[in-house]
Amino acid sequence: MSKIHVSAVVNGDPVDFLADPRESLLDCLRDQLGLTGSKEGCGTGDCGACSVTVDGVLVCSCLVLGVEAEGKAIGTVEGISDGGTLHPLQRKFIEHAALQCGFCTPGILVAAKALLDQNASPTETEVRYWLAGNLCRCTGYDKIVRAVMDAASEMREAV
Amino acid sequence: MAKDERSTEFRLIGTRPNRPDGLDKVTGRARYGADMTLPGMLFAAVVRSPHAHARILKIDASAALALEGVKAVVTRADFPTGLTGEDWNLQENSMAGDVALYDGHAVAAVAATSRLLAEDAAKLIKVDYEVLTHVIDVDDAIRPDAPVVRVGAADHSVPAGSPPNVVKCIDFGHGDIEAGFAAADLVREHTYKTEATHQGYIEPHACVAQLGADGKGEMWVCTQGQWYIRRMCAAVLGIDASGLRVTPSEIGGGFGGKTIIFMEPLALALSRKAGGRPVKLVMSRSDVLRATGPTASASMDVKLGMTKDGKLTAAKVNFRMQGGAFLGASPVGEALSCALACYDIPAVQHDGVEVLANRPKAAAYRAPGSPMAAFAVESLLDEMCHELGLDPLDVRLKNAVREGVKASYGPTYAKIGLVEVLEATKAHPNLLAKLGPNQGRGIASGFWFNHGGETSVSLAIGEDGTVTVSAGTPDVGGSRASLALMVAETLGIEYEAVRVNIVETGALGVNEPSHGSRATFATGKAAVEAARQAIGEMCRRAAKEWGIEEEAVVWKDGAAMPAGPNAGQFPPMTIAEIGAKMGGNGGPISGHHETNAEGVGASFGAHVVDVEVDPETGRTTILRYLVVQDAGRAIHPAYVEGQYQGGAVQGIGWALNEEYVYGANGRLQNAVFLDYRIPVASDLPMIDTVIVEVPNPGHPYGVRGVGETGITPPLPAIANAVAMATGARLRSLPLSPPKVLAAIKAKGRG
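Residues numbered from 1 in each chain as written. Chains lettered and ligands numbered in written order. Predicted model: local features only at pLDDT ≥ 70, side-chain atom pairs only at ≥ 80, totals over all residues.

Enquirer: For this particular structure, what's the right way to read the overall build of chain A?
Expert: Tallying secondary structure elements over chain A gives 5 helices and 5 strands in all. Order of helices (α) and strands (β) in chain A, N terminus to C terminus: β-β-α-β-β-β-α-α-α-α. Computed over the C-alpha atoms, the radius of gyration of chain A is 16 Å, within 12% of the 15 Å expected from 2.2 N^0.38 for a compact globule of 159 residues. When the 159 residues of chain A are sorted by exposure, 58% land in the buried category. Sequence-distant contacts, at least 24 apart, represent 60% of the contacts inside chain A between residues at least 6 apart. (Helix = DSSP H or I, 4+ residues; strand = E, 2+ residues; numbered from the N terminus. Rg over C-alpha atoms; globule rule 2.2 N^0.38 Å. Buried ≥ 20, exposed ≤ 12 C-beta atoms within 10 Å, placed from the backbone. Contact = placed C-beta atoms within 7 Å.)

What follows is the structure, encoded as structure tokens:
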């Protein structure tokens, strides 16, 4: 099957790649662009480890085709920090020990950032339901939820 | 870095610094199994049996090989013959021989220049099967007329005339069992069942493997144990262990399931056949669920005798477990040994059998065998407490094992902390919360042995006095942080001055995997010894420079100094100064320690859960959850809490949702995360934890190991809570809504 040329913006940088029409956006990010921060845990949209944003909308990149990225702005875990400065979520995840193996962490950070971008003061229940599509098998979610709430609190105070 | 109140005798032990791999893991830089790419790399795909049991008549790969870009196809014919015992089991499980033994059993594998091409090629490999009768359920498999999974698989423990799928028998015990039951005021006996569950690590198995015709190769792989992978792959492929260099990637969860090989030998065999080009093989989630892990399923009889004031007088357990189509894969021995380990009972008898079924080869899963056993024993114990009107926590305390007691499984306990755990549980405010309608509270204890094992650690002093530790146990939950804390504490330097690397197989002697809750215990113990050895050498260097006797130099606060006024007047020589001078003062300074780590301390825990059961749907909601467990010493309390919380939530999943669902055709029906439903954030409350510290005298800082015990109590604790909430006692897991609803309705009719 012939490949299709795709131009997009990933984490603010213009990129071009050739996508097989069967390839997922996740595979294109990982295999064509070398952005291996996004993970595949299931390939069926159930685990959220591949979470990215497409034009600001949170999606499972395993359920989006690479060719659908044409002209779109993609945000991945590699783009969360502002150069040398970590996003408060990233810092709070380290401080709260909110990761063990760390495999689900990129997807959870992308999803949590999407939450805080639209809701600066989520309740614990809102955080838990928002992250219900992101599976973590190590932590039992306790420290993840605390880290997200603490990051939100710090970001509110900084405004 | 706030120091927790509980640890005051140490400078760093018991604090919560940031983990050294944290930055890599929050920025996406950390490299896991599937994140490696090598020049000239090929991609592999695997053909798997769609049948639970089928003779393989013919494999035709000609159409696949005809595709441009397809470089190699391997079948069992590409592996050596004549293997025996566990080596044969591993080879057979990696790639079927004459017969596919379960749905998902690998039959052939292909390597091509792209992943999509490899997947296309796999679809073109034609396999002719003769479908055979199969058996899935453990109680069905044990019947004398069951379909025979494999002839001649039983070991010497099985008496003649046993049912054909029984492959191992175990029995042990002590005390006068009949007299024990005769002394009881209440004797009760019930049968319990648990279904197979999967470890459910989010990272699928992945490797990049390279093997030349000379038998030399390399592998990058997500594993809990690089030396285990090396030995197993070498045996399965018929190459020398030292010819294979295995580098562990960051690991995206293992829980026991990444201690053995699955598809790794296929990637090596493909590479060898494709002229030594590296081959990447990444499993899909469905392959992971069908062909790796899972844990065993169990059918268990328990009989307990109790006096009217709650003293246990006798206990008899009889367990049947299937661990797939392979002898030795079920944890029936561990299950029996853990079953009664929390209690001091005068007479105990354990009997168990392992049974083959047409399922994947079971792998270790967090405290293998203990959760099932606890479900059976702790459920019956709870039932009897209620029947006698006794407080279930007081009864557990009354019968709790302590130092000097002969364990149900044989040895005499050294210093242990079950009594302290139960007392801390009793004092927790969660027990004062008022329960409403349809709510119940469940309590259960749990146990795991913990493990020492083969361990080798090296430590090197840098030219600037910073320290590198080379460890062989992959970091599954923060062990680099705990190792750095212990080494820094011992050396008297800052935590940040120690870097811990998890190294490849060529860098150290053999290390067992990160299993058995051993990494912080055994690798930590060896790292402390290595640091002490380096301290000895640094003191010698200072003595040499000062021209005094070695014995006149001591190590304090990260520096060598004269032992007293008589030793001479010299300012302290810091580790940085010693490091800077070492090149001209005797050469590199390192410490090294290898051991078969002894002094393991068992870890006991108790959980208390409050649930609410919806009487209209049977759905159980966890309202409150408390984990209390003896850590010995919490080196990094945040990661100890993390182990407690993670173990508890895996247990919650096992109790409420998770199970392998097979169709009548023997195919796994729920091989995706949508249908194999592990707990999600919205299912759960915060998981409260209490770290009890009864230091283990067998470790320099008192560590016991904390990873596994926490998955054991949730199964019975939740069943006990549901029984209190509904009045219906369920003796088969999971407590899925339809089962709970049916039990509520049956009770109403009764």
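Enquirer: Teacher, can you tell me more about helix H18 (residues 714-726) of chain B here?
Expert: Residue and element names in this part refer to chain B. For H18, spanning 13 residues, the distance from its first C-alpha to its last is 18 Å, which sits close to the expected 18 Å at 1.5 Å a residue. Of all 13 residues in H18, 13 are buried; the element is thus mostly enclosed. Backbone geometry just downstream of H18 places Gly727 in the positive-phi region, at approximately 75°. (Expected span 1.5 Å × (residues − 1).)

Enquirer: Help me out: how do you make sense of the pairing of strand E12 (residues 279-282) of chain B in this one?
Expert: Where a strand is regular, its side chains alternate between the two sheet faces. Residues and elements named next belong to chain B. Because side chains alternate across E12, one face comprises the buried residues Val279 and Leu281, and the other comprises Lys280 and Val282, equally buried. Where strand E9 (residues 206-211) meets E12, 4 bridges bridge the pair, whose relative direction is antiparallel. Looking at the pairing, Cys207 lines up with Leu281 of E12. (Pairing = 2+ DSSP bridges.)

Enquirer: Even after reading the chapter, I still don't get the pairing of strand E24 (residues 603-613) of chain B, so can you show me in this structure?
Expert: All names here are of chain B. Taken across its 11 residues, E24 has 10 buried, putting it largely inside the fold. Relative to strand E25 (residues 620-630), E24 is paired through 9 bridges, and the arrangement is antiparallel. Within E25, the position partnered with His607 by the bridge is Val627.

Enquirer: I'm lost on the interface of chain B and chain A in this one. Help?
Expert: A common way to state how big an interface is: give the accessible area lost once the parts meet. Taken together, the contact between chain B and chain A spans 43 residues of the former and 44 residues of the latter. At 7 residues, helix H17 (residues 637-656) of chain B tops the list of elements feeding residues into the side of chain B that touches chain A. Each residue belonging to the side of chain B that touches chain A can be placed in one class, and the counts come to 23 nonpolar, 14 polar and 6 charged. (Nonpolar A, V, L, I, M, F, W, Y, C, P; charged D, E, K, R; others polar.)

Enquirer: I keep staring at the sheet that holds strand E4 (residues 57-60) of chain A and nothing clicks. Help me out?
Expert: Across a sheet, strands are paired by hydrogen bonds formed along the backbone, either parallel or antiparallel in direction. Residue and element names in this part refer to chain A. Read from one edge to the other, the open sheet built from 5 strands follows the order E2-E1-E5-E3-E4, with strand pairing classed as mixed. One side of each edge strand has no neighbouring strand; the edge strands of this open sheet are strand E2 (13-19) and E4. Strand-to-strand twist across the sheet, computed as the mean angle between neighbouring axes with direction ignored, equals 40°. Where strand E1 (residues 4-10) and E2 come together, 7 bridges link them in antiparallel fashion. (Axes fitted to C-alpha atoms, helices over the stretch in contact; angles between N-to-C directions.)

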